[in-house]
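# Notes for the structure review
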2 protein chains.
Amino acid sequence: MSDTRFTKIAFPLADVYGLLEPGPVILLTTCHQGRSNVMTLSWLTMLEFEPPLVGCVVSNRDHSFAALEATGECAINIPTAELAQAVVGCGNTSGADTDKFATFGLTRQPASQIQAPLLAECFASLECRVVDSTLVPRYGFFVLEVLEAWRDPALEDHPTLHHRGHGAFMLAGETIHLPSKMK
Amino acid sequence: MSDTRFTKIAFPLADVYGLLEPGPVILLTTCHQGRSNVMTLSWLTMLEFEPPLVGCVVSNRDHSFAALEATGECAINIPTAELAQAVVGCGNTSGADTDKFATFGLTRQPASQIQAPLLAECFASLECRVVDSTLVPRYGFFVLEVLEAWRDPALEDHPTLHHRGHGAFMLAGETIHLPSKMK
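Basis of the calculations
Residues numbered from 1 in each chain as written. Chains lettered and ligands numbered in written order. Predicted model: local features only at pLDDT ≥ 70, side-chain atom pairs only at ≥ 80, totals over all residues. Heavy atoms only, no water. Helix = DSSP H or I, 4+ residues; strand = E, 2+ residues; numbered from the N terminus. Contact = heavy atoms within 4.5 Å. Areas by Shrake-Rupley, 256 points an atom, 1.4 Å probe, with all protein chains shown as cover. Lys, Arg positive; Asp, Glu negative; His and termini not counted. Charge placed at Lys NZ, Arg CZ, Asp CG, Glu CD. Core = buried A, V, L, I, M, F, W, Y, C linked by side-chain atoms within 4.5 Å. Buried < 20%, exposed > 50% of the residue type's maximum accessible area, 1.4 Å probe, protein only. Buried area = accessible area lost by both parts, 1.4 Å probe. Salt bridge = Lys/Arg side-chain N within 4 Å of Asp/Glu carboxyl O. Polar contact = N/O pair within 3.5 Å; in protein donor to acceptor, adjacent residues only side chain to side chain. Pairing = 2+ DSSP bridges. Axes fitted to C-alpha atoms, helices over the stretch in contact; angles between N-to-C directions. Phe/Tyr/Trp six-rings, centres within 6.5 Å; stacked < 30°, edge-to-face > 60°. Lys NZ or Arg CZ within 6 Å of the ring centre and 35° of its normal. 1 Å grid on protein atoms, 1.4 Å probe; cavity = no way out; pocket = protein on both sides within 12 Å on 5 of 7 lines; lining within 4 Å. Points joined across faces, edges and corners; volume = space filled by probe spheres on them. Nonpolar A, V, L, I, M, F, W, Y, C, P; charged D, E, K, R; others polar.

Before going further, it helps to examine the overall build of chain A. What chain A contains, in helices and strands, is five helices and twelve strands. With respect to the three principal axes, the spread of C-alpha positions in chain A is 50 × 35 × 35 Å. In chain A, of all internal contacts separated by at least 6 residues, the share reaching a separation of at least 24 is 66%. About 7100 Å² of surface is accessible on chain A, with carbon and sulfur atoms providing 49% of the total. A gap of 5 Å separates the mean positions of the 12 positive and 20 negative side-chain charges of chain A.

This is the structure in C-alpha coordinates:
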(Lines give C-alpha, C1' and ligand atoms only; values in the text may rest on other atoms or scores of the structure.)
Protein backbone atom coordinates (compact mmCIF):
# COMPACT_ATOMS: atom_id res chain seq x y z
CA MET A 1 0.00 0.00 0.00
CA SER A 2 1.12 3.56 -0.63
CA ASP A 3 -0.38 6.88 0.43
CA THR A 4 1.20 8.78 -2.43
CA ARG A 5 -1.11 9.71 -5.28
CA PHE A 6 0.61 11.55 -8.07
CA THR A 7 -0.76 14.49 -10.04
CA LYS A 8 0.14 13.70 -13.61
CA ILE A 9 0.07 16.11 -16.53
CA ALA A 10 0.51 15.47 -20.25
CA PHE A 11 4.07 14.39 -21.12
CA PRO A 12 5.66 14.74 -24.59
CA LEU A 13 5.42 11.55 -26.65
CA ALA A 14 8.94 12.14 -27.98
CA ASP A 15 10.33 11.77 -24.43
CA VAL A 16 8.53 8.54 -23.53
CA TYR A 17 11.58 6.39 -24.32
CA GLY A 18 13.40 7.99 -21.38
CA LEU A 19 10.76 6.55 -19.04
CA LEU A 20 10.91 2.97 -20.34
CA GLU A 21 14.45 2.53 -21.67
CA PRO A 22 16.05 2.10 -18.20
CA GLY A 23 13.98 -1.07 -17.72
CA PRO A 24 11.51 -0.41 -14.88
CA VAL A 25 8.95 -2.92 -13.69
CA ILE A 26 5.54 -1.72 -14.85
CA LEU A 27 1.92 -2.30 -13.90
CA LEU A 28 -0.19 -3.05 -16.97
CA THR A 29 -3.89 -2.25 -16.72
CA THR A 30 -6.65 -3.51 -18.98
CA CYS A 31 -10.45 -3.25 -19.07
CA HIS A 32 -12.70 -5.79 -20.74
CA GLN A 33 -16.48 -6.01 -20.55
CA GLY A 34 -16.55 -3.48 -17.73
CA ARG A 35 -14.01 -5.35 -15.62
CA SER A 36 -10.53 -3.91 -15.11
CA ASN A 37 -7.38 -5.77 -14.09
CA VAL A 38 -3.71 -5.07 -13.41
CA MET A 39 -0.61 -7.22 -13.84
CA THR A 40 3.10 -6.85 -13.10
CA LEU A 41 5.42 -7.02 -16.07
CA SER A 42 8.99 -6.22 -16.96
CA TRP A 43 9.54 -7.83 -20.33
CA LEU A 44 9.24 -4.77 -22.53
CA THR A 45 11.34 -2.63 -24.84
CA MET A 46 11.10 0.54 -26.90
CA LEU A 47 10.80 -0.12 -30.65
CA GLU A 48 10.48 3.43 -32.03
CA PHE A 49 10.89 6.98 -30.69
CA GLU A 50 7.89 8.82 -32.17
CA PRO A 51 5.17 7.94 -32.24
CA PRO A 52 6.50 5.81 -29.39
CA LEU A 53 6.20 2.10 -30.09
CA VAL A 54 6.70 -0.37 -27.23
CA GLY A 55 6.97 -4.15 -27.46
CA CYS A 56 5.84 -6.11 -24.41
CA VAL A 57 5.30 -9.76 -23.52
CA VAL A 58 1.97 -10.84 -22.05
CA SER A 59 1.72 -14.61 -21.90
CA ASN A 60 -1.50 -16.44 -22.74
CA ARG A 61 -1.17 -17.89 -19.21
CA ASP A 62 -1.76 -14.36 -17.83
CA HIS A 63 -5.35 -13.43 -17.02
CA SER A 64 -4.81 -10.05 -18.77
CA PHE A 65 -4.02 -11.76 -22.08
CA ALA A 66 -7.66 -12.19 -23.10
CA ALA A 67 -8.53 -8.57 -22.28
CA LEU A 68 -5.53 -7.23 -24.16
CA GLU A 69 -6.26 -9.37 -27.20
CA ALA A 70 -9.99 -8.61 -27.23
CA THR A 71 -9.80 -4.83 -26.65
CA GLY A 72 -6.38 -4.01 -28.17
CA GLU A 73 -5.88 -1.48 -25.38
CA CYS A 74 -3.91 -1.17 -22.15
CA ALA A 75 -2.12 1.33 -19.96
CA ILE A 76 1.51 1.07 -18.86
CA ASN A 77 1.84 2.50 -15.35
CA ILE A 78 5.28 3.04 -13.83
CA PRO A 79 5.51 2.54 -10.07
CA THR A 80 8.15 3.91 -7.71
CA ALA A 81 9.93 1.73 -5.16
CA GLU A 82 7.31 2.83 -2.62
CA LEU A 83 4.86 0.53 -4.42
CA ALA A 84 7.06 -2.58 -4.10
CA GLN A 85 4.51 -4.53 -2.06
CA ALA A 86 1.74 -3.89 -4.58
CA VAL A 87 4.07 -4.78 -7.46
CA VAL A 88 4.89 -8.15 -5.91
CA GLY A 89 1.28 -8.66 -4.85
CA CYS A 90 -0.01 -8.08 -8.38
CA GLY A 91 2.61 -10.53 -9.65
CA ASN A 92 1.65 -13.21 -7.12
CA THR A 93 -2.12 -13.16 -7.67
CA SER A 94 -4.50 -13.55 -10.59
CA GLY A 95 -7.30 -11.27 -11.73
CA ALA A 96 -9.31 -14.46 -12.22
CA ASP A 97 -10.08 -14.59 -8.49
CA THR A 98 -8.73 -11.35 -6.98
CA ASP A 99 -9.72 -7.69 -7.19
CA LYS A 100 -6.12 -6.50 -7.18
CA PHE A 101 -7.06 -2.80 -7.02
CA ALA A 102 -8.87 -3.25 -3.70
CA THR A 103 -6.40 -5.82 -2.35
CA PHE A 104 -3.29 -3.74 -3.01
CA GLY A 105 -4.73 -0.25 -2.57
CA LEU A 106 -4.46 0.89 -6.17
CA THR A 107 -6.68 3.78 -7.28
CA ARG A 108 -8.11 3.81 -10.79
CA GLN A 109 -8.28 7.07 -12.78
CA PRO A 110 -9.99 7.44 -16.15
CA ALA A 111 -7.76 7.56 -19.20
CA SER A 112 -8.48 9.96 -22.04
CA GLN A 113 -8.36 7.70 -25.09
CA ILE A 114 -8.79 4.16 -23.76
CA GLN A 115 -11.06 2.24 -21.40
CA ALA A 116 -8.24 0.79 -19.27
CA PRO A 117 -7.68 2.80 -16.08
CA LEU A 118 -4.56 4.73 -15.08
CA LEU A 119 -3.14 4.19 -11.58
CA ALA A 120 -2.99 7.21 -9.26
CA GLU A 121 -0.15 5.68 -7.21
CA CYS A 122 2.14 5.49 -10.28
CA PHE A 123 4.15 8.58 -11.24
CA ALA A 124 3.74 7.99 -14.99
CA SER A 125 1.10 6.34 -17.17
CA LEU A 126 1.01 5.63 -20.89
CA GLU A 127 -2.22 5.02 -22.81
CA CYS A 128 -1.54 2.36 -25.43
CA ARG A 129 -3.15 0.63 -28.38
CA VAL A 130 -2.03 -2.68 -29.90
CA VAL A 131 -0.78 -1.98 -33.45
CA ASP A 132 0.92 -5.27 -34.36
CA SER A 133 0.12 -8.79 -33.13
CA THR A 134 2.39 -10.70 -35.53
CA LEU A 135 4.52 -12.24 -32.78
CA VAL A 136 1.72 -12.78 -30.24
CA PRO A 137 1.20 -16.47 -31.11
CA ARG A 138 4.93 -17.22 -30.84
CA TYR A 139 6.05 -15.13 -27.82
CA GLY A 140 3.02 -13.20 -26.53
CA PHE A 141 4.83 -10.16 -27.96
CA PHE A 142 2.43 -7.24 -28.48
CA VAL A 143 3.54 -4.07 -30.28
CA LEU A 144 1.88 -1.06 -28.64
CA GLU A 145 1.63 2.53 -29.80
CA VAL A 146 1.64 5.09 -26.99
CA LEU A 147 -1.27 7.41 -27.74
CA GLU A 148 -0.99 9.68 -24.74
CA ALA A 149 1.52 9.99 -21.91
CA TRP A 150 1.14 11.36 -18.37
CA ARG A 151 3.78 12.12 -15.78
CA ASP A 152 4.00 13.97 -12.47
CA PRO A 153 6.38 16.87 -13.17
CA ALA A 154 7.11 17.31 -9.45
CA LEU A 155 9.04 14.04 -9.33
CA GLU A 156 12.52 14.92 -10.57
CA ASP A 157 14.17 11.55 -10.48
CA HIS A 158 12.64 8.19 -11.35
CA PRO A 159 12.92 6.01 -8.22
CA THR A 160 11.90 2.91 -10.16
CA LEU A 161 12.05 -0.81 -9.39
CA HIS A 162 13.91 -3.23 -11.67
CA HIS A 163 13.22 -6.95 -11.44
CA ARG A 164 16.15 -9.34 -11.03
CA GLY A 165 14.05 -12.45 -10.41
CA HIS A 166 12.82 -14.50 -7.46
CA GLY A 167 11.70 -11.43 -5.48
CA ALA A 168 14.96 -9.51 -5.92
CA PHE A 169 14.52 -5.95 -7.15
CA MET A 170 17.22 -3.46 -8.00
CA LEU A 171 16.38 0.10 -6.96
CA ALA A 172 17.22 2.96 -9.27
CA GLY A 173 20.37 4.75 -8.14
CA GLU A 174 21.68 8.21 -8.94
CA THR A 175 21.68 9.67 -12.44
CA ILE A 176 24.94 10.74 -14.09
CA HIS A 177 25.35 12.90 -17.19
CA LEU A 178 27.88 12.32 -19.94
CA PRO A 179 28.51 14.20 -23.16
CA SER A 180 26.51 12.15 -25.67
CA LYS A 181 25.25 12.53 -29.21
CA MET A 182 22.84 9.64 -28.56
CA LYS A 183 19.17 10.52 -28.43
CA MET B 1 38.79 3.22 -20.49
CA SER B 2 38.73 0.70 -17.68
CA ASP B 3 41.51 -1.37 -16.15
CA THR B 4 39.13 -4.05 -14.89
CA ARG B 5 39.08 -7.25 -16.89
CA PHE B 6 36.64 -9.80 -15.56
CA THR B 7 37.18 -13.55 -15.30
CA LYS B 8 33.93 -15.03 -16.53
CA ILE B 9 32.80 -18.60 -16.07
CA ALA B 10 29.83 -20.43 -17.54
CA PHE B 11 26.50 -19.12 -16.20
CA PRO B 12 23.22 -21.11 -16.19
CA LEU B 13 20.99 -20.31 -19.17
CA ALA B 14 17.92 -20.46 -16.93
CA ASP B 15 19.25 -17.47 -14.93
CA VAL B 16 20.03 -15.22 -17.90
CA TYR B 17 16.77 -13.27 -17.55
CA GLY B 18 18.01 -11.91 -14.21
CA LEU B 19 20.89 -10.22 -16.05
CA LEU B 20 18.80 -8.54 -18.74
CA GLU B 21 15.38 -7.95 -17.16
CA PRO B 22 16.48 -4.92 -15.09
CA GLY B 23 17.20 -3.06 -18.36
CA PRO B 24 20.96 -2.47 -18.52
CA VAL B 25 22.69 -0.76 -21.43
CA ILE B 26 24.60 -3.42 -23.36
CA LEU B 27 27.49 -3.55 -25.80
CA LEU B 28 26.62 -5.70 -28.81
CA THR B 29 29.54 -7.25 -30.67
CA THR B 30 29.50 -8.72 -34.17
CA CYS B 31 32.06 -10.16 -36.55
CA HIS B 32 31.68 -10.20 -40.32
CA GLN B 33 34.29 -11.14 -42.93
CA GLY B 34 37.02 -11.07 -40.29
CA ARG B 35 36.10 -7.59 -39.02
CA SER B 36 34.55 -7.17 -35.58
CA ASN B 37 32.53 -4.22 -34.32
CA VAL B 38 30.75 -3.10 -31.17
CA MET B 39 27.69 -0.92 -30.65
CA THR B 40 25.79 0.50 -27.67
CA LEU B 41 22.19 -0.58 -27.32
CA SER B 42 19.44 -0.57 -24.75
CA TRP B 43 16.31 -1.48 -26.66
CA LEU B 44 16.02 -5.11 -25.69
CA THR B 45 13.74 -7.44 -23.74
CA MET B 46 13.53 -11.03 -22.60
CA LEU B 47 11.02 -13.11 -24.59
CA GLU B 48 11.43 -16.57 -23.03
CA PHE B 49 13.17 -18.04 -19.97
CA GLU B 50 14.77 -21.21 -21.32
CA PRO B 51 16.28 -21.51 -23.72
CA PRO B 52 16.62 -17.77 -23.17
CA LEU B 53 15.18 -15.73 -26.03
CA VAL B 54 15.98 -12.02 -26.25
CA GLY B 55 14.45 -9.46 -28.60
CA CYS B 56 16.64 -6.49 -29.51
CA VAL B 57 16.43 -3.56 -31.90
CA VAL B 58 19.32 -2.90 -34.28
CA SER B 59 18.39 -0.27 -36.85
CA ASN B 60 19.41 -0.57 -40.47
CA ARG B 61 21.11 2.80 -39.90
CA ASP B 62 23.53 1.08 -37.51
CA HIS B 63 26.80 -0.18 -39.01
CA SER B 64 26.32 -3.48 -37.09
CA PHE B 65 23.04 -4.20 -38.88
CA ALA B 66 24.68 -5.70 -41.98
CA ALA B 67 26.97 -7.95 -39.91
CA LEU B 68 24.10 -9.15 -37.72
CA GLU B 69 21.90 -9.87 -40.73
CA ALA B 70 24.63 -11.60 -42.71
CA THR B 71 26.08 -13.78 -39.93
CA GLY B 72 23.02 -14.24 -37.68
CA GLU B 73 25.35 -14.04 -34.67
CA CYS B 74 26.27 -11.53 -31.98
CA ALA B 75 27.32 -11.28 -28.36
CA ILE B 76 25.53 -9.24 -25.71
CA ASN B 77 28.10 -7.84 -23.28
CA ILE B 78 26.95 -6.15 -20.07
CA PRO B 79 29.16 -3.28 -18.86
CA THR B 80 29.39 -1.88 -15.35
CA ALA B 81 29.21 1.85 -14.65
CA GLU B 82 33.01 1.92 -14.74
CA LEU B 83 32.74 1.56 -18.53
CA ALA B 84 30.47 4.61 -18.95
CA GLN B 85 32.94 6.49 -21.17
CA ALA B 86 33.34 3.53 -23.52
CA VAL B 87 29.55 3.01 -23.61
CA VAL B 88 28.97 6.62 -24.68
CA GLY B 89 31.95 6.51 -27.01
CA CYS B 90 30.65 3.42 -28.80
CA GLY B 91 27.25 5.11 -29.12
CA ASN B 92 28.74 8.31 -30.57
CA THR B 93 30.94 6.72 -33.24
CA SER B 94 30.46 4.34 -36.16
CA GLY B 95 32.29 1.15 -36.95
CA ALA B 96 32.32 2.40 -40.55
CA ASP B 97 35.31 4.66 -39.79
CA THR B 98 36.42 3.82 -36.22
CA ASP B 99 38.11 0.82 -34.59
CA LYS B 100 36.07 1.15 -31.42
CA PHE B 101 37.96 -1.60 -29.58
CA ALA B 102 41.27 0.28 -29.86
CA THR B 103 39.71 3.72 -29.39
CA PHE B 104 37.81 2.84 -26.20
CA GLY B 105 40.18 0.25 -24.73
CA LEU B 106 37.95 -2.78 -25.15
CA THR B 107 39.62 -6.20 -25.17
CA ARG B 108 38.25 -8.97 -27.40
CA GLN B 109 38.07 -12.54 -26.13
CA PRO B 110 37.10 -15.54 -28.25
CA ALA B 111 33.57 -16.88 -27.82
CA SER B 112 32.93 -20.62 -27.77
CA GLN B 113 30.10 -20.98 -30.28
CA ILE B 114 30.15 -17.81 -32.39
CA GLN B 115 32.67 -15.67 -34.29
CA ALA B 116 31.71 -12.39 -32.55
CA PRO B 117 34.10 -11.55 -29.71
CA LEU B 118 33.28 -11.24 -26.00
CA LEU B 119 34.49 -8.16 -24.12
CA ALA B 120 36.90 -8.70 -21.21
CA GLU B 121 35.88 -5.41 -19.55
CA CYS B 122 32.22 -6.54 -19.28
CA PHE B 123 31.19 -8.67 -16.29
CA ALA B 124 28.79 -10.83 -18.31
CA SER B 125 28.59 -11.92 -21.94
CA LEU B 126 25.94 -13.87 -23.83
CA GLU B 127 26.64 -15.71 -27.08
CA CYS B 128 23.60 -15.35 -29.32
CA ARG B 129 22.17 -16.57 -32.61
CA VAL B 130 19.34 -14.91 -34.55
CA VAL B 131 16.36 -17.31 -34.56
CA ASP B 132 13.55 -15.07 -35.89
CA SER B 133 13.81 -12.09 -38.26
CA THR B 134 10.08 -11.61 -38.86
CA LEU B 135 9.98 -8.08 -37.42
CA VAL B 136 13.39 -6.95 -38.71
CA PRO B 137 12.00 -5.12 -41.77
CA ARG B 138 9.43 -3.24 -39.66
CA TYR B 139 11.36 -2.39 -36.47
CA GLY B 140 14.87 -3.85 -36.76
CA PHE B 141 13.66 -6.30 -34.11
CA PHE B 142 15.85 -9.42 -34.00
CA VAL B 143 14.91 -12.43 -31.87
CA LEU B 144 18.08 -13.97 -30.43
CA GLU B 145 18.60 -17.29 -28.69
CA VAL B 146 21.27 -17.24 -26.00
CA LEU B 147 23.47 -20.26 -26.73
CA GLU B 148 26.00 -19.79 -23.96
CA ALA B 149 26.29 -17.38 -21.04
CA TRP B 150 29.33 -16.18 -19.11
CA ARG B 151 29.55 -14.17 -15.90
CA ASP B 152 32.20 -13.26 -13.34
CA PRO B 153 31.04 -14.97 -10.11
CA ALA B 154 33.17 -12.62 -7.98
CA LEU B 155 30.92 -9.66 -8.79
CA GLU B 156 28.03 -9.97 -6.34
CA ASP B 157 25.89 -7.07 -7.40
CA HIS B 158 25.30 -5.80 -10.93
CA PRO B 159 26.50 -2.17 -10.99
CA THR B 160 24.93 -1.60 -14.39
CA LEU B 161 24.16 1.53 -16.42
CA HIS B 162 20.61 2.33 -17.57
CA HIS B 163 20.05 4.84 -20.36
CA ARG B 164 17.61 7.70 -19.81
CA GLY B 165 18.44 9.59 -22.99
CA HIS B 166 20.60 12.55 -24.04
CA GLY B 167 23.64 11.33 -22.09
CA ALA B 168 21.76 10.74 -18.82
CA PHE B 169 22.36 7.33 -17.26
CA MET B 170 20.76 5.91 -14.17
CA LEU B 171 23.15 3.85 -12.05
CA ALA B 172 21.94 0.62 -10.48
CA GLY B 173 21.15 1.13 -6.80
CA GLU B 174 20.83 -1.38 -3.99
CA THR B 175 18.95 -4.67 -4.32
CA ILE B 176 15.98 -5.44 -2.06
CA HIS B 177 14.32 -8.82 -1.52
CA LEU B 178 10.59 -9.39 -1.21
CA PRO B 179 8.61 -12.60 -0.75
CA SER B 180 7.65 -13.43 -4.32
CA LYS B 181 6.25 -16.38 -6.23
CA MET B 182 7.39 -14.73 -9.47
CA LYS B 183 10.22 -16.42 -11.31
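Looking now at the nonpolar core. Membership of the largest hydrophobic core comes to 76 residues, with the highest contact counts inside it found for L20, I76 and F141 of chain A together with L20, I76 and F141 of chain B. Contact partners of L20 of chain B, with chain neighbours within four places excluded, come to I26, L44, M46, V54, I76, I78 and L126 of chain B.

Here the focus is the interface of chain B and chain A. Opposite the 56 residues of chain B that make contact, chain A presents 56 residues. Counting each side, the surface lost to burial between chain B and chain A is near 5200 Å², with a carbon and sulfur contribution of 59%. Ranking the residues of chain B by area buried against chain A places W43, R164 and M182 of chain B at the top, with a combined share of 16%. Put simply, chain B and chain A have four salt bridges between them. Across the pair R164 of chain B and D157 of chain A runs a salt bridge whose closest N-O atoms are separated by 3.1 Å. In this assembly, chain B and chain A are joined by 32 residue pairs in polar contact (both at pLDDT 80 or more).

It is worth spelling out the sheet that holds strand β12 (residues 168-177) of chain B at this point. Across the sheet, which stays open at both edges, the four strands sit in the order β11(A)-β12(A)-β12(B)-β11(B) with antiparallel pairing between neighbours. Because the sheet does not close on itself, it has two edges, and the strands there are β11 (161-165) of chain A together with β11 (161-165) of chain B. Strand after strand, the sheet turns through a mean of 40 degrees between neighbouring axes, direction not considered. Relative to β12 of chain B, β11 of chain B runs antiparallel, the two sharing four bridges. Directly across from H163 of chain B, in β12 of chain B, lies its bridge partner F169 of chain B.

With the rule as written, the count across this model stands at nine aromatic pairs over all chains. Ring plane angle 55 degrees and centroid distance 4.7 Å describe the contact between F49 of chain A and W43 of chain B, whose orientation is recorded as tilted. Residue F49 of chain A is found in the loop between β4 (44-48) and β5 (53-57), and its partner W43 of chain B is found in the loop between β3 (35-41) and β4 (44-48); the two belong to separate chains. Judged by its relative accessible area of 23%, F49 of chain A is partly exposed. Both rings, one in F65 of chain B and one in F142 of chain B, keep their centres 5.7 Å apart while their planes meet at 65 degrees; by these two values the pair is edge-to-face. Taken together, the residues span a long stretch of sequence, with F65 of chain B in helix α2 (residues 64-71) and F142 of chain B in strand β10 (residues 141-151) at a distance of 77 residues. Grouping residues by exposure puts F65 of chain B and F142 of chain B together as buried. Joined through ring pairs, the aromatic side chains of Y17 and F49 of chain A together with W43 of chain B make up one cluster. The cationic tip of R108 of chain A hangs over the ring face of F101 of chain A; the distance from NZ or CZ to the ring centre is 4.0 Å.

Turning to empty space enclosed by the protein, a few remarks are in order. One pass over the full model with this rule turns up three cavities of 30 Å³ or more. What lines the largest cavity is a set of 16 residues, among which G23, L44 and T45 of chain A together with G23 and L44 of chain B lie closest to the centre. Elements supplying a minimum of two residues to the lining of the largest cavity: β4 of chain A together with β4 of chain B. Taken together, the residues of the lining of the largest cavity sort by class into eight nonpolar, six polar and two charged. When grouped by side-chain class, the residues that make up the lining of the second largest cavity number six nonpolar, three polar and one charged.

Next up on the list: the pattern of salt bridges. Residue and element names in this part refer to chain B. In this structure the tally under the stated criterion is six salt bridges over all chains. Note that E121 and R5 form a salt bridge whose closest N and O atoms lie 3.5 Å from each other. Here E121, found in the loop between β8 (118-119) and β9 (124-132), pairs with R5, found in the segment before β1 (9-10); they are 116 residues apart in sequence, far enough to count as distant. Among the residues examined, R5 registers a relative accessible area of 56% and is labelled exposed.

Residue and element names in this part refer to chain B. β10 sits mainly inside the fold: eight of its eleven residues count as buried. Relative to β10, β1 is paired through two bridges, and the arrangement is antiparallel. Note on β10: the bridge partner recorded for A10 is W150.

All names here are of chain B. Secondary-structure assignment places V131 in strand β9. C-alpha separation for the pair V131 and V54, spaced 77 residues apart in sequence, amounts to 9.9 Å. Not counting the four nearest positions on each side in its chain, V131 is found in contact with L53, V143, L144 and E145.

Keep in mind that these numbers describe shape and distance, not what the molecule does.
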